[in-house]
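# Structural features, examined
The residues making up each chain are set out below.
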Amino acid sequence: MSTIGWTDHGFSLPARWHSENAAPAPERVVAVDDRITAKAAYGLAKAGTGLLWQGDFHNARQLVRAVDRRWQRVPRTGRAGSDPAALFYDHRAARAERAELLGRLLVVLERDRSLRLRRAPDVRPACEHAYGAATGDPVADERICVSLPELFGVLSAYQWHRRGVEVPALGARIHPDYGVFSPVRGEYIDLVARAPFPAGAGQPLAFDLGTGTGVLAAVLARRGARVVATDINPRAVICARANMRRLGLGDRVRITEADLWPSGRADLIVCNPPWLPAEPTSALELGIYDRGSDVLHRFLDGLPAHLTETGEAWLVLSDLAERLGLRTRDELLARIAAAGLRVADRYDTTPRHPRAADTTDPLHEVRRSEVTSLWRLVRNSRPDTRPPQS
């Protein structure tokens, strides 16, 4: 457990360091307020100094934006050229550099999770939602130091949690918790809502692996399935259970904390694994990046031991990794075949999320051609009952 220290009016003050993306605590911290200029703040942060903000809350937002603008004005030479993979890695490196710089703009939360800055909102509900409620024990409840971007993310996530995300396939809202990937990309949810259940399954027993908010489990349950949903993230398990209660699906969906697989076999197994084989830098990024395609490979390799004889698996996967040159289609098909499976069918859709239309995104050309697919996988031994293709 790291601590930071700074001097204020001649007194040395400590706080426990907290970072959701596991960033190290800055070795040197200075207290600053509204008098500091963006140029001076940028220079200190660039040199590795943490700037503990003690001024006006709204001016803190302005400072983060001003430092960010200065960072964006610095010319950067990349190796990318026209190579999509190199462009992706350059983009990731730039984002990491930016996050490291802005992460040196700091603030302290008091023992009760409040923020003692002029014009500061009441951040306690949002911080308790993200970090847990204060216990009331003056010894156990320490002041914690977080970066300003992390605090702004906590406040934004709490608003998403309170409002919820409208899911047309459910006709209801899903409420994401902090640190749980929000289901804002509705196209993959629609694929799961429309794909036909395995023939003769009636009300199938379904596994939803890596359930997150529970949105796909809810869609399957609304369609009549009995669902066992898993997630390795304790926050996701709590979040998904709460969403099932809100939707009145607690009797049809069982949520359990597990690293992918529950026990037993199912008629239908659904997985929407992280789409990009790259290194995640935070718990939230585990929903996007999958080191070495580990989750994808373990899903495919584990299917024969968890599918019923007539069962079916639905792999929901974007081809963005293929378009970036991070994985090939042949590699995916070879992995499916090696697991003793074959592709019974595939349904495709194109993205509707805002980033696909954002021409300022360095990856825009790749994103706008992205295709998300639901791959219907069955055992190789199952007869092919598809009608002949014309």
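Keep in mind that this is a model prediction, so the values were computed, not measured.

### Considerations on the overall build of the protein chain
Per the secondary structure count, the protein chain includes twelve helices and 15 strands. Taking 390 residues into account, the globule formula puts the C-alpha radius of gyration at 21 Å, and the protein chain, at 24 Å, falls close to it. With respect to the principal axes defined by its C-alpha atoms, the protein chain has extents near 80 × 55 × 35 Å. Of the contacts formed within the protein chain by residues at least 6 apart in sequence, a portion of 68% connects residues at least 24 apart. Per element, the accessible surface of the protein chain, about 19,000 Å² overall, is 51% carbon and sulfur. With 54 positive and 47 negative side-chain charges, the protein chain shows a spacing of 3 Å between the two charge centroids.

### Quick look at the pattern of salt bridges
When the charged atoms of two side chains lie near each other, side chains of opposite charge can form a pair. Under the counting rule described, the total for this entry stands at 21 salt bridges. Among the ionic pairs, E187 bridges to R185, the shortest N-O distance being 2.9 Å. A residue is classified by how much of its surface remains accessible, and E187, at 2% relative accessible area, is buried. Each of R185, E187 and E370 takes part in one network of salt bridges that share partners.

### Here we look at the packing of helix α4 (residues 124-131) against helix α5 (residues 148-163)
Where α4 meets α5, the closest approach of the two axes is 9 Å, and the angle between their N-to-C directions is 95°. Viewed along their axes, α4 and α5 adopt a mutual orientation that is roughly perpendicular. Between α4 and α5, the contacting residues are P125, A126, C127, H129, A130 and Y131 on the first element and E150, L151, V154, L155, Y158 and H161 on the second.

### A look at the packing of aromatic side chains
Within a pair of aromatic rings, the relevant descriptors are the distance that separates the centres and the angle that separates the planes. Considering all chains together, one arrives at seven aromatic pairs under this definition. A centroid spacing of 6.4 Å and a plane angle of 85° characterise the contact between Y188 and W275, whose relative ring orientation is edge-to-face. Placement of Y188 in helix α6 (residues 186-194) and of W275 in the loop between β12 (266-271) and α9 (294-306) is noted, with a sequence separation of 87 residues between them. Like W275, Y188 is buried. Among the aromatic residues, those joined into a ring-pair cluster are F88, Y89 and Y289. If you follow R61 out to its NZ or CZ, it ends over the ring of F152, 4.2 Å from the centre. Between R346 and the ring centre of W375, over which it is positioned, the NZ or CZ distance is 5.1 Å.

### Here we look at the sheet that holds strand β15 (residues 372-379)
On the basis of which strands lie adjacent, the open sheet formed by seven strands has the order β11-β10-β9-β12-β13-β15-β14 and mixed pairing. The open sheet has two edge strands with one neighbour each: β11 (253-257) and β14 (341-349). Across the sheet, the axes of successive neighbouring strands diverge by a mean angle of 20°, strand direction being ignored. The sheet contact formed by β14 and β15 spans eight bridges and is antiparallel. Bridged to D345 within β15 is R376. Along the sheet, α6 contacts β12, β13 (307-318), β14 and β15; its crossing angle with β15, the most-contacted strand, is approximately 35°. The strands that helix α7 (residues 215-222) touches are β9 (205-209), β10 (226-231), β11, β12 and β13; relative to β10, the one it contacts most, it runs at about 175°.

### Observations regarding the state of the cysteines
On inspection of all chains with the given rule, the structure shows zero disulfides. Unpaired in terms of disulfides, C127 finds its nearest cysteine sulfur in C145, a separation of 12 Å. According to the relative accessible area criterion, C127 is buried, its value standing at 0%.

### So, empty space enclosed by the protein
Tallying each qualifying case throughout the model produces one cavity of 30 Å³ or more. Approximately 40 Å³ is the volume attributed to the largest cavity. At the level of secondary structure, the elements contributing two or more residues to the lining of the largest cavity comprise β13, α11 (329-338) and β15.

### Let's talk about the sheet that holds strand β4 (residues 50-53)
Spatially, six strands are ordered β1-β2-β6-β5-β4-β3 in an open sheet, and the strand pairing comes out mixed. In this open sheet, the two edge strands, each paired with only one partner strand, are β1 (3-8) and β3 (29-32). Within this sheet the neighbouring strands show an average axis-to-axis angle of 40°, counted without direction. Pairing of β1 with strand β2 (residues 11-17), which is carried by six bridges, proceeds in the antiparallel orientation. Directly across from I4, in β2, lies its bridge partner A15. This element, α5, spans β4, β5 (105-109) and β6 (144-147) of the sheet and lies at about 90° to β6.

### Some words on the nonpolar core
Grouped together as the largest cluster of nonpolar side chains are 36 residues, with contacts concentrated most on W53, V67, L109, L115, Y131, L148 and L151. By residue number, the principal contributor to this core is α5, which donates seven residues. By size, the runner-up hydrophobic cluster in this structure holds 33 residues, among which are I174, V215, L247 and V316.

### What to know about the packing of helix α2 (residues 57-73) against helix α3 (residues 84-102)
Put simply, α2 and α3 touch, their axes get as near as 10 Å, and they point 140° apart. As far as their axial angle goes, α3 and α2 are oblique. Our pair here, α2 against α3, has a crossing hand that is right-handed. Residues V64, V67, D68 and W71 of α2 lie in contact with α3, whose contacting residues are A94, E97, R98, L101 and L102.

Reading the values: the criteria
All residue numbers refer to positions counted from 1 along the written sequence of the respective chain. Only residues with pLDDT of at least 70 are given local features in this predicted model, and only at 80 or more are side-chain atom pairs given and counted; all residues enter the totals for whole chains, interfaces and linings. Side-chain figures throughout are based on the complete set of non-hydrogen atoms in the structure, without hydrogens or water. Labels follow the DSSP assignment, with helices taken as runs of H or I lasting at least four residues and strands as runs of E lasting at least two, numbered in each case from the N terminus. Atoms counted for the radius of gyration: C-alpha only. Globule rule: 2.2 Å times residue count to the power 0.38. Note on contacts: a residue pair qualifies if any of its non-hydrogen atoms lie within 4.5 Å across the two residues. Computed with the Shrake-Rupley method and a 1.4 Å probe, the accessible areas treat only the protein chains shown as cover for residues. Counting rule for charge: Lys and Arg are taken as positive, Asp and Glu as negative, and neither His nor the chain ends is counted. Lys charges are placed at NZ, Arg charges at CZ, Asp charges at CG and Glu charges at CD. For this analysis, a salt bridge means a side-chain nitrogen from Lys or Arg found within 4 Å of a carboxyl oxygen belonging to Asp or Glu. Working definition: with a 1.4 Å probe on protein chains only, accessible area under 20% of the residue-type maximum means buried, over 50% means exposed, and in between means partly exposed. Lines fitted to the C-alpha atoms define the axes, with helices restricted to the stretch that makes contact. Angles between their N-to-C directions range from 0 to 180 degrees. Roughly parallel covers angles under 35 degrees, roughly antiparallel covers those over 145, roughly perpendicular covers 65 to 115, and oblique covers all other angles. What counts as a ring pair is set by centres within 6.5 Å for rings of Phe, Tyr and Trp (its six-membered ring), and what kind of pair is set by the plane angle: stacked under 30 degrees, edge-to-face over 60, tilted for all other angles. By the criterion adopted, a ring carries a charge over it if an Arg CZ or a Lys NZ lies within 6 Å of its centre and within 35 degrees of its normal. DSSP-based pairing: two strands are paired if at least 2 bridges between them are found. Pairs of cysteine sulfur atoms within 2.5 Å are identified as disulfides in what follows. As defined here, a cavity is a set of points on a 1 Å grid over the protein atoms alone where a 1.4 Å probe fits but cannot get out. A pocket is an open set with protein on both sides within 12 Å along at least five of seven lines, and residues line them when an atom is within 4 Å of a point. Grid points are joined across faces, edges and corners, and a volume is the space filled by probe spheres set on the points. Residues belong to one nonpolar core when they are buried, are Ala, Val, Leu, Ile, Met, Phe, Trp, Tyr or Cys, and are joined through side-chain atoms within 4.5 Å. Handedness of a crossing is defined here by the sense of rotation of the near helix relative to the far one, left-handed for an anticlockwise turn of less than a right angle and right-handed for a clockwise turn.

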